[in-house]
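Residues per chain, in single letters:
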Amino acid sequence: SQQGEEDPQALSIQEGENATMNCSYKTSINNLQWYRQNSGRGLVHLILIRSNEREKHSGRLRVTLDTSKKSSSLLITASRAADTASYFCATPDTGFQKLVFGTGTRLLVSP
Amino acid sequence: GAGVSQSPSNKVTEKGKDVELRCDPISGHTALYWYRQSLGQGLEFLIYFQGNSAPDKSGLPSDRFSAERTGGSVSTLTIQRTQQEDSAVYLCASSLDANTQYFGPGTRLTVL
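Residues numbered from 1 in each chain as written. Chains lettered and ligands numbered in written order. Predicted model: local features only at pLDDT ≥ 70, side-chain atom pairs only at ≥ 80, totals over all residues. Heavy atoms only, no water.

Draft legend 1. View of the overall build of chain A. The number of helices and strands found in chain A is 0 helices and 11 strands. The order of helices and strands in chain A, counted from the N terminus, is β-β-β-β-β-β-β-β-β-β-β. In terms of its C-alpha atoms, chain A occupies a principal-axis envelope of roughly 45 × 25 × 20 Å. In chain A, which comprises 111 residues, the share counted as buried stands at 47%. Put simply, 54% of the contacts in chain A that link residues at least 6 apart link residues at least 24 apart. With an accessible surface of roughly 5,200 Å², chain A has 47% of that area assigned to carbon and sulfur atoms. (Helix = DSSP H or I, 4+ residues; strand = E, 2+ residues; numbered from the N terminus. Buried < 20%, exposed > 50% of the residue type's maximum accessible area, 1.4 Å probe, protein only. Contact = heavy atoms within 4.5 Å. Areas by Shrake-Rupley, 256 points an atom, 1.4 Å probe, with all protein chains shown as cover.)

Below is the structure:
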């Protein structure tokens, strides 16, 4: 079953601008992860934030987690054309054995 | 190898034929996952292997789908009597700790 829902479904920005994507989920989690997918093929793990963390940074990525609202956001600062991809949030299922992926946000960064 | 590999990268088959998709996980990763992604959609979980435990097959869409993992390493996803709605990218991932998953490049299956 689909746990996460990303918003917006698609985002188009210019190089140098910031991109913000949001993810909402339904059940309690112990962590939330963000993945990137280029050209409809394999996904690449970007960052994991645990339920007791509120914010985490990795390079130009900033992830926040609000467990009271069951939501997370991914901010990409100073975007580049190479950031063009689909971005998915993922949360462990109730058995914490596998991940359930959201519907994804398609990001287009124009030069 | 350095990462998860999948073969073939592309497969075109005729409706009704059987296909086998292969996944080589990262060495030492005990967990292996298969997902399906239809055009423009999110990932649909298919099956999960963890060590020597019985696999979690809860995501398989029909009994035409099956998977096995030999020796705790290589996995094969088999689709029998393929249908056009089976056309999708099939992604394999492996994991050491059931958290971070490492994905292969996928197999794009087209059923004519």
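Draft legend 2. Spotlight on the sheet that holds strand 7 (residues 75–79) of chain B. Residues and elements named next belong to chain B. The strand order across the open sheet built from 4 strands is 1-3-7-6, with neighbouring strands paired in antiparallel fashion. Looking at the sheet topology across the chains shown, the edges are occupied by strand 1 (5–7) and strand 6 (65–69). Strand-to-strand, the axes of this sheet are offset by a mean angle of 15°, without reference to chain direction. One ladder, built from 3 bridges, connects strand 1 with strand 3 (residues 19–24); its direction is antiparallel. Bridging across to strand 3, Ser 5 finds its partner in Asp 24. (Pairing = 2+ DSSP bridges. Axes fitted to C-alpha atoms, helices over the stretch in contact; angles between N-to-C directions.)

Draft legend 3. Just the pairing of strand 9 (residues 85–92) of chain A, in detail. Residue and element names in this part refer to chain A. A large share of strand 9 lies buried, amounting to 8 of its 8 residues. Residue alternation in strand 9 divides its side chains into two sets, Ala 85, Tyr 87, Cys 89 and Thr 91 and Ser 86, Phe 88, Ala 90 and Pro 92, and both sets are buried. Two elements, strand 4 (residues 31–37) and strand 9, share 5 bridges in a ladder whose sense is antiparallel. The residue of strand 9 that forms the bridge with Trp 34 is Cys 89. Relative to strand 11 (residues 105–110), strand 9 runs antiparallel, the two being bridged by 3 bridges. By the bridge assignment for strand 11, Ala 85 is matched with Leu 107.

Draft legend 4. How the structure looks around the pairing of strand 8 (residues 71–76) of chain A. Residue and element names in this part refer to chain A. Within strand 8, 5 of the 6 residues are buried, which leaves it mostly tucked inside the rest of the structure. As paired strands, strand 3 (residues 19–24) and strand 8 are joined by 6 bridges and run antiparallel to one another. Pairing of Thr 20 across the sheet is with Leu 75, part of strand 8. In the sheet, strand 7 (residues 61–66) pairs with strand 8 via 6 bridges, with the strands oriented antiparallel. Directly across from Leu 61, in strand 8, lies its bridge partner Ile 76.

Draft legend 5. Local environment of the packing of aromatic side chains. Inspection of every chain in the model, using the stated rule, returns 8 aromatic pairs over all chains. Taken together, a centroid distance of 5.9 Å and an interplanar angle of 80° make the contact between Phe101(A) and Phe103(B) edge-to-face. Residue Phe101(A) is located in strand 10 (residues 99–101), and its partner Phe103(B) is located in strand 9 (residues 102–103); the two belong to separate chains. No difference in accessibility class separates Phe101(A) from Phe103(B), as the two residues are buried. Between the aromatic rings of Tyr35(B) and Phe45(B), the centroid separation amounts to 6.2 Å while the plane-to-plane angle is 75°, which identifies the pairing as edge-to-face. Here the residue Tyr35(B) occupies a position in strand 4 (residues 31–37), and Phe45(B) occupies one in strand 5 (residues 44–50), the gap between them amounting to 10 residues. Residues Tyr35(B) and Phe45(B) agree in their burial class; the two are buried. One aromatic cluster is present, built from ring pairs that chain together Tyr35(A), Phe101(A), Tyr33(B), Tyr35(B), Phe45(B), Tyr48(B) and Phe103(B). (Phe/Tyr/Trp six-rings, centres within 6.5 Å; stacked < 30°, edge-to-face > 60°.)

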